[in-house]
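Take a look at the letters that make up each chain.
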Amino acid sequence: MATFLYKIGRLAFRRRHIVALIWVALLTLAGVGAASAPAAGNTSFSIPGTEAQKAFDLLEQRFPGASADGATARVVFKAPAGEKMTDAANKATVRKAVKELGRDAQVSSVADPYAGHAVSKDGRIAYASVSYKVSAMELEDPSRTALKDAAEDAHKAGLTVEIGGDALSAAPETGATEVIGIAMAAVVLIITFGSLLAAGLPLLTAIIGVGIGVSTVTALASALDLGTTTSTLASMIGLAVGIDYALFIVSRYRAELAEGRSREEAAGRAVGTAGSAVVFAGLTVVIALVGLSVVNIPMLTKMGIAAAGTVVIAVLIALTMIPALLGYAGRRVKPAGEKSKLLGGGRPAKKPARPNMGTRWASFVVRRPVAVLLLGVVGLGAAAVPAASLELGLPDDGSQPVSTTQRRAYDLLSEGFGPGFNGPLMVVVDAKDSARPKAAFTEVTDEIKGLKDVVTVTPAQPNKAGDTATITVVPNSKPSSTTTEDLVHAIRGAGPDIKAKTDAEILVTGSTAMNIDVSQKLNDALVPYLALVVGLAFLLLIIVFRSILVPLKAALGFLLSVLAALGAVVAVFQWGWLSGLMGVEQTGPVMSMMPIFMVGVVFGLAMDYEVFLVTRMREAYVHGEKPTQAIVTGFRHGARVVTAAAVIMIAVFSGFIGSSESMIKMIGFGLAIAVFFDAFIVRMAIVPAVLALLGRRAWWLPAWLERALPNVDVEGEGLRAKDADEDRELVHA
């Protein structure tokens, strides 16, 4: 592989005009497609194979025209102090607002609070339910404006008015911290390379790669039902790995220049050696992201594939566009050890009086491997302790910032009608096979009324055919509580007895039941997903490192870092530690997708550092150095660059903590802290300590497996053989 990539690097360097033109054309094409494509909205959320989804599909079939997937809004009214919503003036104000809402062409129905008993017992709070004919993503701006105007008119009349539901949902805002993250990455690159131009190349190529990837996602968003979160994730992952991959190739290029090679030869060597590591590191990330499809949640699958596509683009750009741009830069990119005129007068830097920091740290670790290993494992174990208290759920209006009208509406409804009112359960009774459907509906209603934690059970609402009905159940506890989850299981547990008595089947759905089913589905998929992703990556790393113990150590180190990162997420977003600093206004359950998502993404990113750092060690080892000496050599050449890459990735991910979307905020924090744990504790401390303890056994591989594995030549042995042949030719000449 090294020889093949070497040829690609030299070709891209020589044919830089064509390479640059191709990438600019792709960026333009993707940009035009994104600009002309319909805007993406909130992606539809379906969970195949769950009871909640089965009930939703049944409603679509048995209640045609009911717009089961239509947008909804709850306009919540609160009377001024000393007044009640049943006062004549307040009644008139509310009914005027209901009349205004009903005029909208996209509204299918508006429920009058006074006709539907939607007034709290103390009379201070009431709400009007608004149902739309179209989904939230299809809702037009005039309809949203009409909703806000009706609420504003009631507010001017003296009432407190807030709006909940998905009708006002908006695209998440990432905030200025995303820009700060990119700026921090630029500073790290300048410090690493000592050159503005060399630092600018990884940033430029990463931005181009993300531009192509995100524009493609945007262009396909409407056709493939991709939500705004999909493009945000693609940009997050693509930007981080794009900078890192380019960083490693530019760094190796400067090292090759320092050894006296020509610029074209140095570009070829950089792509042949560091580029090989980039290819395999990218493959591990792609495996982890595409592997999310085994969970069988369409939204998660789309997010993973979109992010994987952006990673593939980042790899291709690093292998082709970086050497092309290095050709354009010419002598302005200095060899390692020299600084630009702006930063160092163009003079070669003085040789250090002592070894660099990476060498000193590695030397310390190989002298004290047991102490370093124990300290690293105990530290990560302590950070992982909160993960034992992990509670899973999906975000609702209760997790929104208190500054939003959705959150204030949520709080008003909890105040007036109880915490469970924000998460009602919908029980669907399928009595098609029952001889007495009406009796079946009554039986189900009476059965549910006798369960614990039930506040209200509405009468059954049958369809026109009379063979299916819906029953709304309001729990006594909030949607994300374990008590509500127990109630859902209790209703479903009563299903077999009811079917035996009435031949009717009951299904529980609604957002709360859907959240419970999602959490269960994700929990069930975690072990198979781990086995698939870690297994495939393990085989890939055996090929790269030609060792059994090194890939095994890499996988175990990853598990430590991801558990510690999950512990940190629980501490901040569930327990509330440092929540003010992180901008977390509402603590609660961790997003259901977070554990499996972190496993996928963090595993791919963790293997990046493993490949980049350990391939340098193996390169030194196979060329004759002792195991401990090879560890030090690997750190001497790779520690500075890996450190810079980790800091950049942490900066980029941290930028998304400023998002207004709780899901994006949590993902940004989780990935940032996971990269910190994995890069600086696992890869920089635990890995060299374990390798020092294993010695030569670390690189052991059974002879039969050695013969069976393909030789991918990540270390560039083919290039060294080429040098030896050239030297022999010179001697004979």
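Details of the structure are given in the entry above.
Bear in mind that the values here come from a model prediction, so they are computed numbers and not experimental data.

## A closer look at the overall build of the protein chain
Helix and strand counts for the protein chain come out as 25 helices and 11 strands. Evaluated residue by residue, the protein chain yields a buried proportion of 55% over its 733 residues. Surface summary for the protein chain: the accessible area is close to 31,100 Å², and the carbon and sulfur share equals 61%.

## Regarding the nonpolar core
The biggest cluster of nonpolar side chains holds 167 residues, and the ones touching the most others in it are I237, Y245 and F653. Broken down by element, this core gets its largest block of residues, 19 residues, from helix α21 (residues 594-622). If we skip the residues at most four places from it in the chain, F653 touches M236, I237, A240, L605, G668, L671, A672 and V675.

## As for helix α14 (residues 405-417)
Along its 13 residues, α14 runs 18 Å from first to last C-alpha, staying within 8% of the 18 Å computed at 1.5 Å per residue. Buried within α14 we find T405, Q406, R407, A409, Y410, L412, L413, G416 and F417. Those residues of α14 hidden inside the fold are in contact with β1 (72-78), β3 (125-132) and β4 (160-164). G418 lies just past α14 and shows a positive phi near 100°.

## Description of the pairing of strand β10 (residues 505-509)
Taken across its five residues, β10 has four buried, putting it largely inside the fold. Alignment of strand β6 (residues 425-430) against β10, held across five bridges, turns out to be antiparallel. Looking across to β10, one finds that V428 is bridged to L507.

## Considering the environment of H155
Counting through the fold element by element, H155 comes out in helix α5 (residues 141-156). Within the structure, H155 has its side chain in polar contact with the backbone oxygen of L159 (distance 3.2 Å).

## Observations regarding the pairing of β6
Counting buried residues in β6 gives five out of six residues, a clear majority hidden from the surface. Pairing of β6 with strand β9 (residues 468-475) involves six bridges; the strand directions are antiparallel. Paired with V427 across the bridge in β9 is I471.

## Describing helix α22 (residues 627-654)
The axis of α22 is deflected most strongly, by about 50°, at G638. Taken across its 28 residues, α22 has 20 buried, putting it largely inside the fold.

## Quick notes on the pattern of salt bridges
The tally for this structure, following the rule as stated, stands at 21 salt bridges. Put simply, R10 and E265 hold a salt bridge, and the shortest N to O gap is 3.1 Å. Highlighted residues: R10 in helix α1 (residues 2-14) and E265 in helix α9 (residues 263-290), separated in sequence by 255 residues. By relative accessible area, R10 is classed as partly exposed at 23%. Among the residues examined, E265 registers a relative accessible area of 12% and is labelled buried. Across the pair R492 and E51 runs a salt bridge, and its minimum N-O distance is 3.0 Å. Of this pair, R492 sits in helix α16 (residues 482-493) while E51 sits in helix α3 (residues 51-62), and the two are 441 residues apart along the sequence.

## A look at the sheet that holds strand β2 (residues 107-110)
An order of β2-β3-β1-β4 is seen for the four strands of this open sheet, with the pairing classed as antiparallel. The open sheet has two edge strands with one neighbour each: β2 and β4. Sheet twist, expressed as the average angle between the axes of neighbouring strands with direction ignored, equals 20°. Sheet analysis places β1 next to β3, joined by seven bridges and oriented antiparallel. Each residue of the ladder has a partner; that of V76, found in β3, is Y127. Strand contacts of α14: β1, β3 and β4, with the helix running at about 110° to β4, the strand carrying the most contacts.

## Comments concerning the environment of R124
Positionally, R124 belongs in the loop between β2 and β3. Expressed as a C-alpha distance, the spacing of R124 and T86, which sit 38 residues apart in the sequence, is 8.1 Å. Beyond its immediate chain neighbours, meaning those up to four positions away, R124 contacts F77, K78, A79, P80, A81, E83 and M85.

## A word on the packing of α9 against helix α10 (residues 298-329)
Following both chains from N to C, one finds α9 and α10 inclined at 180°, their axes separated by 9 Å at the closest point. With respect to α10, the axis of α9 lies roughly antiparallel. Two secondary-structure elements touch here, α9 through A267, V271, G275, V278, V279, G282, V285, V286, L289 and V290 and α10 through G304, A307, A308, V311, V312, V315, A318, L319 and P323. Across the contact of α9 with α10, the residue classes break down as 16 nonpolar, three polar and no charged.

## Some details on the environment of K553
For K553, the location among the structural elements is in helix α19 (residues 549-574). With sequence-adjacent residues up to four places away left out, K553 is seen in contact with E610, V614, V687, V690 and L691. Among the polar contacts made by the side chain of K553, one reaches the side chain of E610 at a distance of 2.4 Å.

## What about a nonpolar patch on the surface?
Residues V294, L532, L536 and L539 make up a contiguous nonpolar surface patch of roughly 330 Å² in combined accessible area. Mapped onto the secondary structure, L539 falls in helix α18 (residues 511-545).

## Digging into the packing of aromatic side chains
Summed over the entire model, instances satisfying the criterion amount to nine aromatic pairs. Summarising the aromatic geometry, the rings of F676 and F680 are spaced 5.7 Å apart at their centres and angled 50° between planes, so their arrangement reads as tilted. Here F676 pairs with F680, and both are found in helix α23 (residues 662-694), just four residues apart, close to one helical turn. Look at F676 and you get partly exposed, because its relative accessible area is 37%. Linked through ring pairs, Y127, F417 and F421 together constitute an aromatic cluster. Lying over the aromatic face of Y114, K91 brings its terminal NZ or CZ to 5.3 Å of the ring centre.

## Quick notes on unusual backbone geometry
With a phi close to 65°, D503 is a non-glycine residue in the positive phi region. Of note, D503 is situated in the loop between α17 (495-502) and β10. For D503, a relative accessible area of 43% corresponds to the partly exposed category.

## Here's the deal with the packing of α19 against α23
Here α19 crosses α23 at 145°, and the two axes come no closer than 8 Å. The two elements α19 and α23 meet at a crossing, and its hand is right-handed.

## Re the side chain of S143
Its place among the elements puts S143 in helix α5. In contact with S143, other than residues within four places in its own chain, are D104, Q106 and Y132.

The rules behind each value
- Residues numbered from 1 in each chain as written.
- Predicted model: local features only at pLDDT ≥ 70, side-chain atom pairs only at ≥ 80, totals over all residues.
- Heavy atoms only, no water.
- Helix = DSSP H or I, 4+ residues; strand = E, 2+ residues; numbered from the N terminus.
- Buried < 20%, exposed > 50% of the residue type's maximum accessible area, 1.4 Å probe, protein only.
- Areas by Shrake-Rupley, 256 points an atom, 1.4 Å probe, with all protein chains shown as cover.
- Core = buried A, V, L, I, M, F, W, Y, C linked by side-chain atoms within 4.5 Å.
- Contact = heavy atoms within 4.5 Å.
- Expected span 1.5 Å × (residues − 1).
- Pairing = 2+ DSSP bridges.
- Polar contact = N/O pair within 3.5 Å; in protein donor to acceptor, adjacent residues only side chain to side chain.
- Bend = angle between axes of the 7 residues up to and from the residue.
- Salt bridge = Lys/Arg side-chain N within 4 Å of Asp/Glu carboxyl O.
- Axes fitted to C-alpha atoms, helices over the stretch in contact; angles between N-to-C directions.
- Parallel < 35°, antiparallel > 145°, perpendicular 65-115°, else oblique.
- Nonpolar A, V, L, I, M, F, W, Y, C, P; charged D, E, K, R; others polar.
- Patch = residues over 30% accessible without salt bridge, like charges linked within 9 Å, V, L, I, M, F, W, Y side chains within 5 Å.
- Phe/Tyr/Trp six-rings, centres within 6.5 Å; stacked < 30°, edge-to-face > 60°.
- Lys NZ or Arg CZ within 6 Å of the ring centre and 35° of its normal.
- Left-handed = near helix turned anticlockwise from the far one by under 90°.

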